[in-house]
Amino acid sequence: MKRLLAIMGLVGSTILISAPARSADYIIDIEGMHAAIQFRIQHLGFSWLVGNFNEFDGHFSYDSDRPEQASVAVTINPASIDSNHAQRDKHLRGEDFLFVEKYPDASFNSTRIEANGADKLTIIGDLTLRGVTREITIDAEKVGAGPDPWGGFRMGFTGTTRLVLKDYGMTKSLGPSATAVDLILQVEGIKQDDEKAGGKR
Amino acid sequence: MSFLNSRNEYGWFSIIVHWLMAAAVFGLFFLGYFMVDLDYYSPWYNRAPHLHEGLGLLFGALLLVRLVARWLNPPPPPLASLNAMERITARAVHSLFYALMLAIVVSGYLISSAGDRAVPVFNWFSVPSLPLPLEQQEDVAGKWHRWIGWSLVIAGGLHALAAIKHHLVDRDRTLRRIVGL
């Protein structure tokens, strides 16, 4: 019986190893927090107001030989918005802006990815925010990839996109220079496709 | 009329504080109600909340003075002409007002002091924040502040209607006592 199980295990692992090569899967390093979702918006046309969404999670798959087959999915907790000013954050979570009580979830799921050579990507996908789902385009760039010092393999991207506030039902006027918000994304993923790396972050 | 409350009459200290706080409750309610929807470019966008915070904290200070004064120099009991049910209701309503007024000040302070912010009372002094371990304190306090505010003005409106009823229907001294006549 033991021997039978051992053989089955051997056969099983052989099948896994011989499975056709596919894009490597990465989970975003939330535990070590080597990722950030930052936003910035003009204040009166005089300066940039910056803040972060502190809580999010996600994964991506990427193979440098076939970047167009890559994909990325991220969920964001809009209530975790943090502009380093509690009273403003309360306003941002309220009905005028993110309305987190009614729309507690936000997400991004890529639908197609175009490679523009030299590690540059155009990521097209659906952003769901404040109950509205719209197609957005993220200009992304691979920052680097390689084995980390702790036995894992990591890959990181940076990206930007711009959202028009009223597209997502945010009609509170902040003035003519503040009708759109930039999202600036930093993502580091840890490769998940072998058992050893699975638990490490 | 004396400064202090007597066995049957309110003193003018109580009367002034009562009307000052009545005006403050309604004034702060309407200030708060309108300030949250101000246009970003309104000259009042920052000024109105600043005024609301400062006046709110002064209201809180006056409330503490009032509670101490009430303890040292209790108000006259309800009129002898009231029945038992009316007396119980009168006392309960007064206690409810004090509870609501304390709660509106505390919840407002918790909004304004969230994020370790000292709350300014005009350009006079600031009330420091307390290191409270509350998750999203400003949101929770904000929700309470709104509902307590509505409760206060609705209860205040009923309180005023009841006083008018005593004056016009029952023809007793309830309203006259608190205006000092």
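What counts, and where the lines are drawn
Residues numbered from 1 in each chain as written. Chains lettered and ligands numbered in written order. Predicted model: local features only at pLDDT ≥ 70, side-chain atom pairs only at ≥ 80, totals over all residues. Heavy atoms only, no water. Buried < 20%, exposed > 50% of the residue type's maximum accessible area, 1.4 Å probe, protein only. Helix = DSSP H or I, 4+ residues; strand = E, 2+ residues; numbered from the N terminus. Pairing = 2+ DSSP bridges. Salt bridge = Lys/Arg side-chain N within 4 Å of Asp/Glu carboxyl O. Core = buried A, V, L, I, M, F, W, Y, C linked by side-chain atoms within 4.5 Å. Contact = heavy atoms within 4.5 Å. Axes fitted to C-alpha atoms, helices over the stretch in contact; angles between N-to-C directions. Left-handed = near helix turned anticlockwise from the far one by under 90°. Nonpolar A, V, L, I, M, F, W, Y, C, P; charged D, E, K, R; others polar. Phe/Tyr/Trp six-rings, centres within 6.5 Å; stacked < 30°, edge-to-face > 60°. Lys NZ or Arg CZ within 6 Å of the ring centre and 35° of its normal. Buried area = accessible area lost by both parts, 1.4 Å probe. Polar contact = N/O pair within 3.5 Å; in protein donor to acceptor, adjacent residues only side chain to side chain. Parallel < 35°, antiparallel > 145°, perpendicular 65-115°, else oblique.

Asks: Explain the pairing of strand S8 (residues 120-129) of chain A here, please?
Replies: When a strand is regular, its side chains alternate between the sheet's two faces. Residue and element names in this part refer to chain A. Along S8, seven of the 10 residues are buried, which leaves the element largely enclosed by surrounding structure. Taken together, the eight bridges between strand S7 (residues 106-115) and S8 define a ladder with antiparallel strand orientation. Bridge pairing in S8 links serine 110 to glycine 125. The loop that links S7 with its antiparallel partner S8 comprises four residues; one of these, glycine 117, has a positive phi angle of about 70 degrees.

Asks: What is the right way to look at the pattern of salt bridges in this model?
Replies: Side chains bearing opposite charge may pair, as long as their charged atoms lie close to each other. Residue and element names in this part refer to chain A. Tallied over the entire structure, the rule returns 15 salt bridges over all chains. Where aspartate 182 meets arginine 162, a salt bridge forms, and the shortest distance between an N and an O atom there is 2.6 Å. On the criterion of sequence distance, the pair formed by aspartate 182 in strand S11 (residues 180-191) and arginine 162 in strand S10 (residues 153-164) is long-range, its members being 20 residues apart. Among the residues examined, arginine 162 registers a relative accessible area of 53% and is labelled exposed. Residues participating in the shared-partner salt-bridge network are Asp29, Asp148, Arg154 and Glu188.

Asks: Just checking my understanding: could you explain the nonpolar core for this structure?
Replies: For soluble globular proteins, nonpolar side chains are generally found buried alongside one another. If you look at the biggest cluster of nonpolar residues, it comprises 44 residues, and the most contacted ones within it are Phe39, Phe53, Phe56, Phe60, Ile123, Leu129 and Leu163 of chain A. With residues up to four places along the chain from it excluded, the contact list for phenylalanine 56 of chain A reads Ile28, Ile30, Met33, Ala35, Ala36, Ile37, Val74, Thr75 and Ile76 of chain A.

Asks: Explain the packing of helix H2 (residues 44-72) of chain B against helix H3 (residues 84-112) of chain B to me, please; I cannot follow it from the model alone.
Replies: Axes are the key here: two packed helices are described by the angle between their axes and the distance separating the axes. Residue and element names in this part refer to chain B. Across the interface, H2 lies against H3 with an axial gap of 10 Å and an inter-helix angle of 145 degrees. You can see that H2 and H3 cross each other, and the crossing is left-handed. For the pair H2 and H3, contact is made by Glu53, Gly56, Leu57, Phe59, Gly60, Leu63, Leu64, Arg66, Leu67 and Arg70 and by Tyr98, Met101, Leu102, Ile104, Val105, Tyr109 and Ser112, respectively. Of the residues belonging to the contact of H2 with H3, the class tally is 11 nonpolar, three polar and three charged.

Asks: Quick question: what am I supposed to make of the packing of aromatic side chains here?
Replies: Each pair of aromatic rings is reported with the distance of its centres and the angle of its planes. Scanning the entire structure with this criterion turns up 16 aromatic pairs over all chains. A ring pair is formed by tyrosine 33 of chain B and tryptophan 150 of chain B, whose centres lie 6.1 Å apart and whose planes are at 85 degrees; its orientation type is edge-to-face. Placement of the pair is tyrosine 33 of chain B in helix H1 (residues 12-35) and tryptophan 150 of chain B in helix H4 (residues 137-170), with a sequence separation of 117 residues. For tyrosine 33 of chain B, a relative accessible area of 41% corresponds to the partly exposed category. Under the relative-accessibility criterion, tryptophan 150 of chain B is labelled partly exposed at 35%. Ring-pair connections join several aromatic residues into one group, and the members of that group are Tyr26, Phe60, Tyr62, Phe153 and Phe157 of chain A. Above the face of the phenylalanine 153 of chain A ring, lysine 191 of chain A is positioned so that its terminal group lies 4.7 Å from the ring centre. The residue whose ring lies beneath arginine 47 of chain B is tryptophan 44 of chain B, and the NZ or CZ to ring-centre distance is 4.9 Å.

Asks: What is the right way to look at the interface of chain B and chain A in this model?
Replies: For interface size, the figure often reported is the accessible area lost on association. Taken residue by residue, the interface counts 18 residues in chain B and 15 residues in chain A. For the pairing of chain B and chain A, the buried interface totals around 1200 Å² over both sides, and the portion due to carbon and sulfur atoms is 47%. On the chain B side of the interface with chain A, the three residues burying the most area are Tyr40, Tyr41 and Glu138 of chain B, jointly 44% of the side's total. For the pair chain B and chain A, the interface holds three salt bridges. Across the pair lysine 143 of chain B and glutamate 101 of chain A runs a salt bridge, and its minimum N-O distance is 2.5 Å. There are nine residue pairs in polar contact (both at pLDDT 80 or more) connecting chain B and chain A. Looking at which element gives the most residues to the side of chain B that touches chain A, the answer is H4 of chain B, with four residues. A per-class count over the side of chain B that touches chain A returns seven nonpolar, five polar and six charged.

Asks: For this particular structure, what's the right way to read the packing of H3 of chain B against H4 of chain B?
Replies: All names here are of chain B. Between H3 and H4, the shortest axis-to-axis distance is 8 Å and the interhelical angle comes to 150 degrees. The angle between H3 and H4 falls in the class roughly antiparallel. Like other packed secondary-structure pairs, H3 and H4 cross with a definite hand, here left-handed. Considering only residue class, the contact of H3 with H4 consists of 13 nonpolar, 11 polar and four charged.

Asks: Where do I start with the pairing of strand S2 (residues 35-43) of chain A in this structure?
Replies: Residues and elements named next belong to chain A. Pairing analysis gives six bridges linking S2 to S11, with the strands arranged antiparallel. Bridge pairing in S11 links isoleucine 37 to leucine 185. Pairing between S2 and strand S3 (residues 47-53): seven bridges, direction antiparallel. Directly across from histidine 43, in S3, lies its bridge partner serine 47. Between S2 and the antiparallel strand that follows it, S3, lie three residues; leucine 44 among them carries a positive phi value of about 60 degrees.

Asks: Help me out: how do you make sense of the side chain of arginine 154 of chain A in this one?
Replies: Residue and element names in this part refer to chain A. With respect to the secondary-structure elements, arginine 154 resides in strand S10. Here the side chain of arginine 154 touches aspartate 29 through a polar contact of 3.0 Å, side chain to side chain. A distance of 2.6 Å separates the side chain of arginine 154 from the side chain of aspartate 148, its partner in a polar contact.

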